[in-house]
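# Close look at the chain arrangement
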Amino acid sequence: MPADLAPLISATTQWLTRAFPAGGGALTAALAEAQARQAVTVATWLRYPTDLDAALVALVGPGGSARLDALTGARGHVAADPQDLAWRSWVDEVVASWAAHLLTAPDAAEEAVRALEMSEHTCAGPAEFRRLTEPSPHDLAATALLRHPDLLEPIARLHHAGLLDRLRLGPARAC
């Protein structure tokens, strides 16, 4: 039975959309969240390419958002609510870093999606990442902050070398 990466994907997506929020209402926020979720999903599947990798991170946890919060200047108000601590503990710093790079580098996003074609995560069928790899003008307008290279650069730089290594190797082949 494959490990469930949904809590990690959800928490890391939430962190990105809170750190780099969309303005303009509910539709804009939904478009930004969809793009962040696709980037985080691709990054998560690259980082944890096998069911065993996914099971291990589900067992030990991904590490939390403390360093990311410090980089974005969110130190003081982060832990005001105990529920905030709960979801922030499931943020994966490496996944957030890789997702930030994918959101700001279209060629890398396309390469990352291609690298997933034969992974354990896509064996059941192809996954759709169009909002990440081919964003519409509405998608891009909704993510002015979330796709801004200068704003995301400190996050993307954290684990950039690891992403490049993973893309060079590709995920474990399963299908």
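Let us look at the structure shown here. (Residues numbered from 1 in each chain as written. Predicted model: local features only at pLDDT ≥ 70, side-chain atom pairs only at ≥ 80, totals over all residues. Heavy atoms only, no water.)

### Looking at the overall build of the protein
Within the protein, the secondary structure is distributed over 11 helices and zero strands. Reading the protein from its N end, one meets helices and strands in the order α-α-α-α-α-α-α-α-α-α-α. Residue burial in the protein is summarised as follows: out of 175 residues, 43% are buried. Element-wise, carbon and sulfur atoms account for 57% of the exposed surface of the protein, whose accessible area totals about 8800 Å². (Helix = DSSP H or I, 4+ residues; strand = E, 2+ residues; numbered from the N terminus. Buried < 20%, exposed > 50% of the residue type's maximum accessible area, 1.4 Å probe, protein only. Areas by Shrake-Rupley, 256 points an atom, 1.4 Å probe, with all protein chains shown as cover.)

### Observations regarding helix H1 (residues 6-19)
Here H1 contains 14 residues, and its C-alpha end-to-end distance of 20 Å stays within 8% of the 20 Å for a straight helix at 1.5 Å per residue. Those residues of H1 that sit buried are Leu 8, Ile 9, Ala 11, Thr 12, Thr 13, Trp 15 and Leu 16. (Expected span 1.5 Å × (residues − 1).)

### Let's talk about the pattern of salt bridges
Considering all chains together, one arrives at nine salt bridges under this definition. Close ionic contact of Asp 84 with Arg 18 constitutes a salt bridge, the shortest N to O distance being 3.2 Å. Highlighted residues: Asp 84 in helix H5 (residues 82-88) and Arg 18 in helix H1, separated in sequence by 66 residues. Residue class for Asp 84 comes out buried when judged on its relative accessible area of 13%. With a shortest N-O distance of 2.4 Å, Asp 165 and Arg 168 are connected by a salt bridge. Linking Asp 165 with Arg 168, this pair stays in helix H11 (residues 160-169), spanning three residues, or about one helical turn. Classification of Arg 168 by relative accessible area gives exposed; the value is 62%. Linked through salt bridges whose partners overlap, the residues forming this network are Arg 18, Asp 69, Asp 84 and Arg 88. (Salt bridge = Lys/Arg side-chain N within 4 Å of Asp/Glu carboxyl O.)

### A look at the packing of aromatic side chains
The final tally for this structure, using the stated rule, is two aromatic pairs. Between Trp 15 and Phe 20 the ring centres are 6.3 Å apart and the planes differ by 80°, which places this aromatic pair in the edge-to-face class. Taking the relative accessible area as the measure of exposure, Trp 15 reaches 2% and is therefore buried. For Phe 20, a relative accessible area of 8% translates into the label buried. With a centroid separation of 5.9 Å and an interplanar angle of 85°, the aromatic rings of Trp 45 and Phe 129 are classed as edge-to-face. One end of the pair, Trp 45, is in helix H2 (residues 26-47); the other, Phe 129, is in the loop between helix H7 (106-115) and helix H8 (130-133), with 84 residues separating them in the sequence. (Phe/Tyr/Trp six-rings, centres within 6.5 Å; stacked < 30°, edge-to-face > 60°.)

### Side note on a negative patch on the surface
On the surface, Asp 107, Glu 110, Glu 111, Glu 128 and Glu 134 cluster together into a patch of negative charge. Structurally, Asp 107 is set in helix H7. (Patch = residues over 30% accessible without salt bridge, like charges linked within 9 Å, V, L, I, M, F, W, Y side chains within 5 Å. Lys, Arg positive; Asp, Glu negative; His and termini not counted. Charge placed at Lys NZ, Arg CZ, Asp CG, Glu CD.)

### Regarding the side chain of Glu 93
Positionally, Glu 93 belongs in helix H6 (residues 93-104). Excluding residues within four positions of it along the chain, Glu 93 makes contact with Gly 64, Arg 67, Leu 68, Leu 158 and His 159. (Contact = heavy atoms within 4.5 Å.)

### A word on the environment of Leu 5
Note that Leu 5 resides in the segment before H1. Judged by relative accessible area, which is 6%, Leu 5 ranks as buried. Separated by 46 residues in the primary sequence, Leu 5 and Asp 51 have C-alpha atoms spaced 9.7 Å apart. Among residues more than four places away in sequence, those in contact with Leu 5 are Thr 44, Trp 45, Tyr 48, Ala 54, Val 57 and His 121.

### Focus on the packing of H6 against H11
Look at H6 against H11: their axes get within 9 Å of each other, and the N-to-C directions meet at 75°. On the basis of the axis angle, H6 is roughly perpendicular to H11. Counting all contacts with H6, which are made through Ser 97, Trp 98, His 101 and Leu 102, the residues of H11 involved are His 160, Gly 162, Leu 163 and Arg 166. Within the contact of H6 with H11, the residues separate by chemical class into three nonpolar, four polar and one charged. (Axes fitted to C-alpha atoms, helices over the stretch in contact; angles between N-to-C directions. Parallel < 35°, antiparallel > 145°, perpendicular 65-115°, else oblique. Nonpolar A, V, L, I, M, F, W, Y, C, P; charged D, E, K, R; others polar.)

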